[in-house]
Amino acid sequence: MFERFSRRQFLKIGGQITAGVMLLKSSSLNARLADPQGLHSSGALRQSDLLDSSAKSLAAAIRARKISSLELVQAYLKRIEEVNPWLNAVIHTTAESALDDARNADAILIRGKPLGPLHGVPMTVKDSLNTAGVVTTWSVPARSDYIPRHDATVVARLQAAGAILLGKTNTPELTLSFETNSPVFGPTNNPYGLDRTAGGSSGGAAAIVAASGSAFDIGSDTGGSVRVPCHCCGVTGIRPTSGRVPRTGNAIGPGGLLDALTTIGPIARYVEDLELILPLISGPDSRDPAIVPMPKTSLTGISLKGLKASFHTDNGIRTPDKETVAAVQSAVNILSKAGVHFDQALPPGIDQTLELFVDLMNWDGGARWEHLRKLPAMGTRNSSQPNHITNSSIGHISDIIDRWDNFRARMLSFIAPYDLIVCPVNALPAMPHGLSQDNLDTFSYTMSYSLAGWPAAVVRAATSPDGLPIGVQIVARPWREDVALLAAARIESELGGWRPPAI
């Protein structure tokens, strides 16, 4: 399709998705994959059906021998070749090993021994996560050729569940930006408008999943780095409760003053895939000391009816545009019809989010980040940490910690009578490239719940006049990812969720 358009024309098309673009509903795709007789009578699946389906339905189709893992991997690799020159989302592919793994997965299945719930399903992984034998740069120039010997914990767990790695996705340096523009690989473009950011720092992940170049991806989230890209690219994702998923092997790993901020979470086109993947990557790994052995998530046996929730459309830091306000209200209306009781209420002290978050990220004057950038091999942690605090005093650090503790205490008191909070993900849809740093206040809606350490899901709920996705954020009490996902699934089913981009 690309030879028909100039790049200028394609930029325009990418930003003006019309109502004529067909919305491929998850339910119809899943029904086709799940029904052997229907599949048999209608012939082979089209490539678009394969690419746009949920990971859960693809795994079921592979197990039922309706499709092969090799066929699926080939289809996704072809799609990456088609769209990645426009997106710059996948910065390294593992085509040869992926095809070998797919053949092996098919052979194992013939012997009747599937590997796990994701047997034969292709995935991509954010380049902040180590992958054994595959270049992992963290977008740090000094690490541009580094090949880890060990997988990050979440990568190892997904491969043990049968998933096949297609490649690594773009991220800003050390994941420290709300816009994905790597000093090693350059910027990632939004599939709904190539002149727009895909968000950060999991922008490459969200962009390739939205463009049907991967069944799912795994991102990291410190201040919103899973949620913001999902909002910008119209896909779904979740920031789990701090302490649920190990960070071992991630660019920002366990430990330090900011330990509770960074989490690892899945990005997919459908909420049902978050429900499938999150339990697979959760739980202690005997290396990340902050991880708690909590029960894994399941939507079985829970209901929206009778839940209590609050919502807000303005956090007092940056007022969203009217389309974002309307998207939140639409989500609230959908959940209200499902039996959720809402109050319009703003958590006290939430207007301090931006100042507190920025102070925390710079508590040592940036010494930690500068240290990570300068490690020559970037694969070992045997260099000594800085023995001084730059531009900070002990009293200043103590004040930041006290403010963070007080913030979390007030937030816990607020959510005590509620099961959910529904609010914007961001004050605006995806911005043009280069504007994120000057608009940090727009990202304060995700920062608040990183500071609290709570689970927060994102799902598409609307479209801007420019054809850009608008997501809503569904926050739950600590360890209640199941409640957040249940609400997200209802919003997805009623408001459409992911929609294919024109690319």
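The model shown is predicted, which means the values in this text are computed figures rather than measured ones.

**Some thoughts on the sheet that holds strand 14 (residues 456-463)**
So, step 1. Strand order in the open sheet formed by 8 strands is 8-10-9-14-15-13-11-12, with mixed pairing between adjacent strands. Pairing within the sheet leaves two strands with one partner each, and these edge strands are strand 8 (216-221) and strand 12 (341-344). On average, each strand axis in the sheet is tilted by 25 degrees relative to the strand beside it, whichever way the strands run.
So, step 2. Judged from the 7 bridges that link them, strand 14 and strand 15 (residues 469-476) form a sheet pairing that is antiparallel.

**Regarding unusual backbone geometry**
So, step 1. The amide bond that connects Gly-200 to the next residue, Ser-201, takes the cis arrangement and shows omega of 10 degrees.
So, step 2. Note that Ser-201 resides in the loop between strand 7 (193-197) and helix 9 (203-210).
So, step 3. Of note in this structure, Asn-88 is not a glycine but carries a positive phi near 55 degrees.
So, step 4. With respect to the secondary-structure elements, Asn-88 resides in the loop between helix 6 (69-87) and strand 1 (90-93).
So, step 5. Even without glycine at this site, Ser-139 takes up a positive phi of about 60 degrees.

**Description of the pattern of salt bridges**
So, step 1. Scanning all chains against the criterion turns up 14 salt bridges.
So, step 2. Put simply, Asp-100 and Arg-103 hold a salt bridge, and the shortest N to O gap is 3.1 Å. One end of the pair, Asp-100, and the other, Arg-103, are both in helix 7 (residues 95-110), 3 residues apart, so they sit about a helical turn from each other.
So, step 3. Sharing partners across several salt bridges, the network here consists of Arg-247, Asp-259 and Asp-288.

**Examining the packing of helix 13 (residues 353-361) against helix 16 (residues 444-452)**
So, step 1. Following both chains from N to C, one finds helix 13 and helix 16 inclined at 65 degrees, their axes separated by 9 Å at the closest point. Taken together, the axis directions place helix 13 and helix 16 in an arrangement best described as roughly perpendicular. The element helix 13 and its partner helix 16 pack so that their crossing is left-handed. When helix 13 is examined against helix 16, the residues Thr-353, Leu-354, Leu-356, Phe-357 and Leu-360 are found in contact with a partner set consisting of Ser-444, Met-447, Ser-448 and Leu-451.

**Description of the packing of helix 5 (residues 55-63) against helix 11 (residues 271-281)**
So, step 1. Following both chains from N to C, one finds helix 5 and helix 11 inclined at 70 degrees, their axes separated by 8 Å at the closest point. Looking at the two axes, helix 5 sits roughly perpendicular to helix 11. Contacts from Ala-55, Lys-56 and Ser-57 of helix 5 reach helix 11 at Glu-272, Asp-273 and Leu-276.
So, step 2. For the contact of helix 5 with helix 11, the residue count by class is 2 nonpolar, 1 polar and 3 charged.

Calculation criteria
Residues numbered from 1 in each chain as written. Predicted model: local features only at pLDDT ≥ 70, side-chain atom pairs only at ≥ 80, totals over all residues. Heavy atoms only, no water. Pairing = 2+ DSSP bridges. Helix = DSSP H or I, 4+ residues; strand = E, 2+ residues; numbered from the N terminus. Axes fitted to C-alpha atoms, helices over the stretch in contact; angles between N-to-C directions. Salt bridge = Lys/Arg side-chain N within 4 Å of Asp/Glu carboxyl O. Parallel < 35°, antiparallel > 145°, perpendicular 65-115°, else oblique. Left-handed = near helix turned anticlockwise from the far one by under 90°. Contact = heavy atoms within 4.5 Å. Nonpolar A, V, L, I, M, F, W, Y, C, P; charged D, E, K, R; others polar.

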